[in-house]
Structures are given as structure tokens and as C-alpha cells.
Protein chains: 2
Amino acid sequence: MLDIIARDSNDVHADLGLIKATMTLIEEHQLDTFYEAMGPTIQMSGGSVANSIAGVAALGGTCGYIGKVADDEFGERFTHDLRSMGVDLDVAIASSDEGATGRCHVFITDDAQRTMATYLGASNQLRVSDISERLIARSEITYVEGYLYDLAPAKEAIQRVVDFAHVHDSMVALSLSDMFCVDRHRRDFLSLVTNDVDVLLANEAEILSLFQVTRLEQAFSALAELGVLAVVTRGPLGADVATVSGVVSVPASEVEHVVDQNGAGDMFASGFLYSLALGADPVEAAELGSLCAGEVIKHLGARPESDLEELAIEAGLL
Amino acid sequence: MLDIIARDSNDVHADLGLIKATMTLIEEHQLDTFYEAMGPTIQMSGGSVANSIAGVAALGGTCGYIGKVADDEFGERFTHDLRSMGVDLDVAIASSDEGATGRCHVFITDDAQRTMATYLGASNQLRVSDISERLIARSEITYVEGYLYDLAPAKEAIQRVVDFAHVHDSMVALSLSDMFCVDRHRRDFLSLVTNDVDVLLANEAEILSLFQVTRLEQAFSALAELGVLAVVTRGPLGADVATVSGVVSVPASEVEHVVDQNGAGDMFASGFLYSLALGADPVEAAELGSLCAGEVIKHLGARPESDLEELAIEAGLL
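Residues numbered from 1 in each chain as written. Chains lettered and ligands numbered in written order. Predicted model: local features only at pLDDT ≥ 70, side-chain atom pairs only at ≥ 80, totals over all residues.

## Some thoughts on the overall build of chain A
Counting its secondary structure elements, chain A contains 13 helices and 13 strands. A globule of 318 residues ought to have a C-alpha radius of gyration of about 20 Å, and chain A, at 18 Å, matches this closely. When the 318 residues of chain A are sorted by exposure, 54% land in the buried category. Pairs at least 24 apart in sequence give 74% of the contacts found in chain A among residues at least 6 apart. (Helix = DSSP H or I, 4+ residues; strand = E, 2+ residues; numbered from the N terminus. Rg over C-alpha atoms; globule rule 2.2 N^0.38 Å. Buried ≥ 20, exposed ≤ 12 C-beta atoms within 10 Å, placed from the backbone. Contact = placed C-beta atoms within 7 Å.)

Right, dumping it as C-alpha cells:
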């Protein structure tokens, strides 16, 4: 996924029928309409888990990525950007009739919220046969994004990932990705969380949607019954970590001027999961998550611009 | 010109033979080598005068742009980005055998300096016949970048621009662009400044190179003899405005954390020239220049991310 980012002071996203702060899927024939409606753009690699992996690499972690791009310029840039950070890649190349590399149009409103219109493109062609055991076998944690359920062969592919992870004693972490994505695939999500997930990452809207409840306490009760380690990110309110011994709140990083919330959840996942992989307890892990999220919201774009490892060492978190 | 921007904490630019904080021209066959050596990139439209024009548009000014791109994705993005800001474009499209759209590899070192490797591509094919009278006839100020001298048909094209400007009583402003560019074309620059330029914009290294002197006072003496209104930007030291009544220093905007100096000179030009066009005196104009430069150095990339018009109104400068 490549991000095409523009400021949206005039709420053009609403004229395009997008719902603020969420992700809407669009088709290839809509690409021109969406691009033409945008102001000047900044383009950079994106994709939720790919962003998180870039964050782990920026923290100095060893990590890999499985995905699919087309044989085009956007696909080359996507792989270049991760590879140049030292990420081990199993990125499949779609055939020429399977669409262009996926791209996400990101509208940043003056309140720093991001609204997204995503063309899945080649990533929609990720097949079970593209899921290799190699990287999963080497990983402490295998991280899956909920957005995968929007892809055509999702269930099979996710099952393959989870099976490999179980075989190799790799923890399975899942991001719920987006409240409407949860709404589209609630039954699948619930089944996965109940049977296969060790660590669940979500924001408030997503976790409420998953359990179809209206208050966080109800969601935490449901999580406690399932016995899943979960962290719920709450923007400026920080993150709530649900452990076996109860819910602990970790404050957000203090940020004077929030420019763009895009990537906040992805970078939180970087710090949280990397720290867990190093053996930290979940509350410590959430502190590193908050630090990483705090960096990415200070600038446009969902990937880190600063040396996260240095920031984490300075803060005593690595 | 499209900017391909990457952080360069390991001084890769030096291994590539680039001289820090300057612009080096590269050939098409070198593109892969330079791109492969870069870390994860952010891509956005660039080009010195194009950046300045984007800045004028962001200030609410009416402006146009003359240039040349190829019929490719980068060329489309370049025109989209200016057009979506309301800039009136006379952008010629190069034929398919005239190279790809120009691009600039920008290496940002940890001290926020930018080092550039530029492939001119289609912009090198800007011909005299591509210079239309239409936009110049409507302009208070016609702004020419010194980099034009690196293009093949430069002298003729610049002469055409200057002739049109004189016919239509448009002031001619010139940016010296780069100290090595000045070094490559000193005789041409001196002739242009002596005969045709009303407003000269330069940084310290460029103005010293133009007159082959070692101290700023010597450069200001030479400028006084020529009777040219000049402004010399000096980074954190602000800008020195050389008027008929002497040199006045205008302080730089206070910026707590400089991220990327790329675009500082271009954005200074936006504020300075737009303010002059509105009838401000040169010292007031330099204050708006400083404000715009102060915005762009707070983030990656050479184009403004904030609403410059709003910032200028808040500061009482518009």
C-alpha cells in the first residue's frame, strides 16, 4: 500500500462520501476522481502492518513482512522502503492482470484526523500460496491486520498464517484495523480472537464494535472472559492494557502540536509488540508504544521520521 | 522536478560523491544507484521556483508557472500539485524521446542540512518556444531561477523571459540557486544581474561566489554599485536586505527544532516576492520571507504544510 496524503482544510473527503476518521474501500475506476479532488500530495509507503514493521525496524528490531504488490513503480517503492530499513521481505508480485499496487488516499483535516479511501489492488490478490513459513518460523510474534479480512482469499490466508504461528510457537497478534472493517467481518474476528489470538490491539471504536457494546468496561469484561491480552489505544487519553490482573492505563506522550494522527495506532503497535518480544511486561510495552505513537503524530505520514531507537533509549525504554 | 527525500544519518551522500548542502547534477544512468542507496523515501513535488510559487499560492497570491515535464506519472503529479493550489500553468510536455520528468534526490543529514543530486530529465528540454508571454504579461514579478543556466537552451530561454518581462513592466527577480551553479555560469549571471535583474535573491555562499569575494560587505559594495535590490538569506542569522539606503538585517523566525532546511530559501522567496508585489517595502517583505522560511524548516519537504496566509495574518504581515 502506498499512501497519497493531502491536507483537507475544505472537508473534500465529505463531498466524496467518505466517513471521517475511518477507511472506505474504493474501486479502480474511482482512483482518478479521488486523486483529482485532493490538494498537493505527499506520497510515501504505508499499509497498517507495514507501518508497524517499519517502526520495529526503526527501533532496531529484527523483523520481516509478507504482502503482495504489482510489478510497477509503486510496488518497487514499497519494497525499497522496507528493504532499505533492513526488513526481511517475502513480498509476492502480482501478475499484470491482477491490478496495480494498492494505494490509500489520506485526507488530513485541520483537527489532525485522517480519513482514508483505499484501493486494494494487487494486495487483494494475496493468496494462501503467498504465505511462506520462512519468516513466521523465525518470529517471536506474528502480527496480522484485520484489514486482511477485506481481501478476497482472507480467511484461508489468515488460517495459514495462524497455523504456521502455532507450529513455531510464535505469538499471534491481531489489529482490529478499523471499526467498519470489524462491522463487516465481526463473526470472523470473534472466532479468530476466541481461538487463535494471543495479543489483541484495537482502538476504542473498534473494540466496542467487536463486542457490540457501548462502554469500554463491557469490552474489558468480554476480553477477561476470553483471557486475551489486549491493549486499547485511546488517542490523547493514552492506552488501556487489559491483563490477567486487571486494566492498567498508560498515558499518551505529551505532544504540543498534533499534525496528523495517521499512523498513531500502527506505531503504538511497533513499540508495544517489539517490547513484548523482548520480554517486557505489557504495561512497560505500552509505554514504548506511546512513545512511538507520540513521534508519528508530530508530522505528516504514518512512518517514523526520527530515530525511534535513540528516542526509546533516551526515555529509558530500551 | 519531483523530490525524493530520505534521511541520511549515515552520510551516504558522501559515499556517492555529493558535496554536502549543495546540488550535484546526475545523469539518467545514475538514477538507480542513487535511489538504491537511499533509505525509505518521501516523495513530493519540488523544484526551486515551483516551490516558491506553491508558497505564494499558500499565501493567497495569484501566480503562474512555466516549466516542462514528461508525459509520465511524475509529470502528472507535478502539475496536479500546483494546479490543485490554484496556480495557472504553462507546463510544456516533453516528447517521449526527451527523457523522464526531472527528479531530485534529497539527502537530509542529522544536522537538518539537505544535499541534492538532480536528474534534469525533461526540464532540460525547456525550449525558447515553451516560454509563453501569457503569464508574464499578467505578472507584477517574473521570477527566474539560476538553475535554468544548467539547462541546454538556457541563455536564449532566459533572454526570452526577460524580454517579455521588460515589455510588460514586470519586475525581474533572480535566484542564484546554488554556489556551484554560480561557479559554472558566473559570467552569464553577472551579465544578467547587471543588465536585467531588478531583485536578486541569494544565500551567503552564492553571493560571495558571484562576486568572487570572501566577505559579505564586499558583496554588498558590489551590489550597491549595480543598484540592484538584493536580499541575502543567512539561515538562523536571518536575512540582509540591501536597499538604496543601506543594508538592513531582518531576524530569522524562531524555530525550536529545525528538521529540514530544504526549501528555506524557496519559501523565503515566496514571502519576500509576494509582499513586494503587494507594494510592501523590502524590509517588510523580508519579514514575510522569514515567516515562510520558518514554517518549512519545521518539517520534511520543501513545500509548506501549514496555511501560510493564516500564519501571515496572525503575525500582522498580510
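## Comments concerning helix 11 (residues 264-277) of chain A
Residue and element names in this part refer to chain A. Taking 1.5 Å of rise per residue, 14 residues should cover 20 Å, and helix 11 covers 20 Å from first to last C-alpha, within 8% of that figure. Of all 14 residues in helix 11, 13 are buried; the element is thus mostly enclosed. The positive-phi residue at the C-terminal boundary of helix 11 is glycine 279, with phi of around 100°. (Expected span 1.5 Å × (residues − 1).)

## Some words on the sheet that holds strand 3 (residues 42-45) of chain A
Taken in spatial order, the 10 strands line up as 2(A)-7(A)-6(A)-1(A)-3(A)-3(B)-1(B)-6(B)-7(B)-2(B) in an open sheet, and their pairing is mixed. The open sheet terminates on both sides in strands that have one partner only, identified here as strand 2 (23-25) of chain A together with strand 2 (23-25) of chain B. Going across the sheet, the axis of each strand differs from the next one's by a mean of 20°, ignoring polarity. (Pairing = 2+ DSSP bridges. Axes fitted to C-alpha atoms, helices over the stretch in contact; angles between N-to-C directions.)

## Description of the relation of the copies chain B and chain A
Under the fitted operation, chain B is carried onto chain A by 0.0 Å of movement along the axis and a turn of 180°, and the coordinates agree to an RMSD of 0.0 Å. Here the symmetry operator amounts to a two-fold rotation axis. Residues of chain B ranked by C-alpha distance from the rotation axis are headed by B:Gln43, positioned 2.5 Å from it. Mapped onto chain A, 100% of the interface residues of chain B again fall at the interface, so both copies present the same surface. (Least-squares fit on C-alpha atoms with pLDDT ≥ 70 in both.)

## Section: the nonpolar core
The biggest cluster of nonpolar side chains holds 206 residues, and the ones touching the most others in it are A:Ile53, A:Phe272, B:Ile53, B:Leu174 and B:Phe272. Apart from residues lying up to four places away in sequence, B:Ile53 is in contact with B:Cys63, B:Tyr65, B:Leu82 and B:Val87. (Core = buried A, V, L, I, M, F, W, Y, C linked by C-beta atoms within 7 Å.)

## Examining helix 8 (residues 186-195) of chain A
Residue and element names in this part refer to chain A. Looking at helix 8, one finds that the buried residues are Phe189, Leu192 and Val193. The buried residues of helix 8 occupy one face: seen down the axis, they fall within an arc of 95°. Of the exposed residues in helix 8, the ones pointing more than 90 degrees away from its buried face are Arg187, Thr194 and Asn195. Elements in contact with the buried residues of helix 8: helix 6 (154-167), strand 9 (171-175), helix 7 (179-184), strand 10 (199-203), helix 9 (204-211) and helix 10 (216-226). (Arc of directions from axis to C-beta.)

## Looking at unusual backbone geometry
Leaving glycine out, the prevailing phi sign among residues is negative, and the prevailing peptide bond configuration is trans. Residues and elements named next belong to chain A. Backbone geometry places alanine 112, a non-glycine residue, at a positive phi of 70°. Considering the arrangement of structural elements, one finds alanine 112 in the loop between strand 6 (103-108) and strand 7 (114-119). Taking the C-beta count within 10 Å as the criterion, alanine 112 has 17 such neighbours and is therefore assigned partly exposed. One non-glycine residue, serine 177, lies in the positive phi region at around 75°. Tracing the backbone shows serine 177 in the loop between strand 9 and helix 7.

## Considering the packing of helix 11 (residues 264-277) of chain B against helix 12 (residues 282-296) of chain B
Residue and element names in this part refer to chain B. Between helix 11 and helix 12, whose axes approach to 7 Å, the crossing angle comes to 145°. The crossing of helix 11 and helix 12 is right-handed. Judged by residue contacts, Ala264, Met267, Phe268, Ala269, Ser270, Gly271, Phe272, Tyr274, Ser275 and Leu276 of helix 11 engage Pro282, Glu284, Ala285, Ala286, Leu288, Gly289, Ser290, Leu291, Cys292, Ala293, Glu295 and Val296 from helix 12. By residue class, the composition of the contact of helix 11 with helix 12 is 15 nonpolar, five polar and two charged. (Left-handed = near helix turned anticlockwise from the far one by under 90°. Nonpolar A, V, L, I, M, F, W, Y, C, P; charged D, E, K, R; others polar.)

## Quick look at the sheet that holds strand 12 (residues 239-243) of chain A
All names here are of chain A. An order of 8-9-10-11-12-13 is seen for the six strands of this open sheet, with the pairing classed as mixed. Only two strands of the sheet have a single partner each, and these edge strands are strand 8 (141-145) and strand 13 (246-250). Neighbour-to-neighbour, the strand axes of the sheet open up by a mean angle of 20°, direction not taken into account. As judged from the four bridges shared by strand 11 (residues 229-233) and strand 12, these two strands associate in the antiparallel manner. Bridge assignment links threonine 233 to a residue of strand 12, and that residue is alanine 239.

## Focus: the interface of chain B and chain A
On the chain A side, the residues contacting the 20 residues of chain B number 20 residues. Listed by contribution, the elements that provide at least two residues to the side of chain B that touches chain A are strand 3 (42-45) and helix 4 (73-83) of chain B. A total of four residues in the side of chain B that touches chain A trace back to one element, the largest contributor, which is strand 3 of chain B. Of the residues contributing to the side of chain B that touches chain A, the split by class is seven nonpolar, eight polar and five charged. Here three bridges tie strand 3 of chain A to strand 3 of chain B, and the two strands are oriented antiparallel to one another. Counterpart to A:Met44 in the pairing with strand 3 of chain B is B:Ile42.

## Focus: the pairing of strand 7 (residues 114-119) of chain B
Residue and element names in this part refer to chain B. Counting buried residues in strand 7 gives six out of six residues, a clear majority hidden from the surface. Burial of the side chains of strand 7 extends over both faces: Arg114, Met116 and Thr118 are buried on one face and Thr115, Ala117 and Tyr119 on the other. Sheet topology places strand 2 next to strand 7; three bridges connect them, and they run parallel. When the sheet's bridge partners are listed, methionine 23 is paired in strand 7 with methionine 116. With six bridges joining them, strand 6 (residues 103-108) and strand 7 adopt antiparallel strand pairing. Residue pairing in the sheet places phenylalanine 107 in a bridge with threonine 115 of strand 7. Between strand 6 and strand 7, which pair antiparallel in sequence order, lie five residues; one of them, alanine 112, sits at a positive phi of approximately 70°.

## What to know about the packing of helix 3 (residues 48-58) of chain A against helix 11 of chain A
When two helices pack together, their arrangement is given by the angle between their axes and by how far apart the axes lie. All names here are of chain A. As a packed pair, helix 3 and helix 11 sit with axes 8 Å apart at the nearest point and diverge in direction by 50°. Judged by the angle between their axes, helix 3 and helix 11 are oblique. For the element pair helix 3 and helix 11, the recorded crossing hand is right-handed. Contacts from Ser48, Asn51, Ser52, Gly55 and Val56 in helix 3 reach Asp266, Met267, Ala269, Ser270, Gly271 and Tyr274 in helix 11. Taken together, the residues of the contact of helix 3 with helix 11 break down into four nonpolar, six polar and one charged. (Parallel < 35°, antiparallel > 145°, perpendicular 65-115°, else oblique.)

## Focus: the pairing of strand 9 of chain A
Residues and elements named next belong to chain A. Among the five residues in strand 9, four count as buried, and that is most of the element. With five bridges joining them, strand 8 and strand 9 adopt parallel strand pairing. Residue pairing in the sheet places tyrosine 143 in a bridge with alanine 173 of strand 9. Assessed by its sense of winding, the connection that carries the chain from strand 8 through helix 6 to strand 9 is right-handed. Across three bridges, strand 9 lies against strand 10 in parallel orientation. For alanine 173, the partnering residue across the bridge sits in strand 10 and is valine 199. (Right-handed = clockwise from strand over helix to strand, strands pointing away.)

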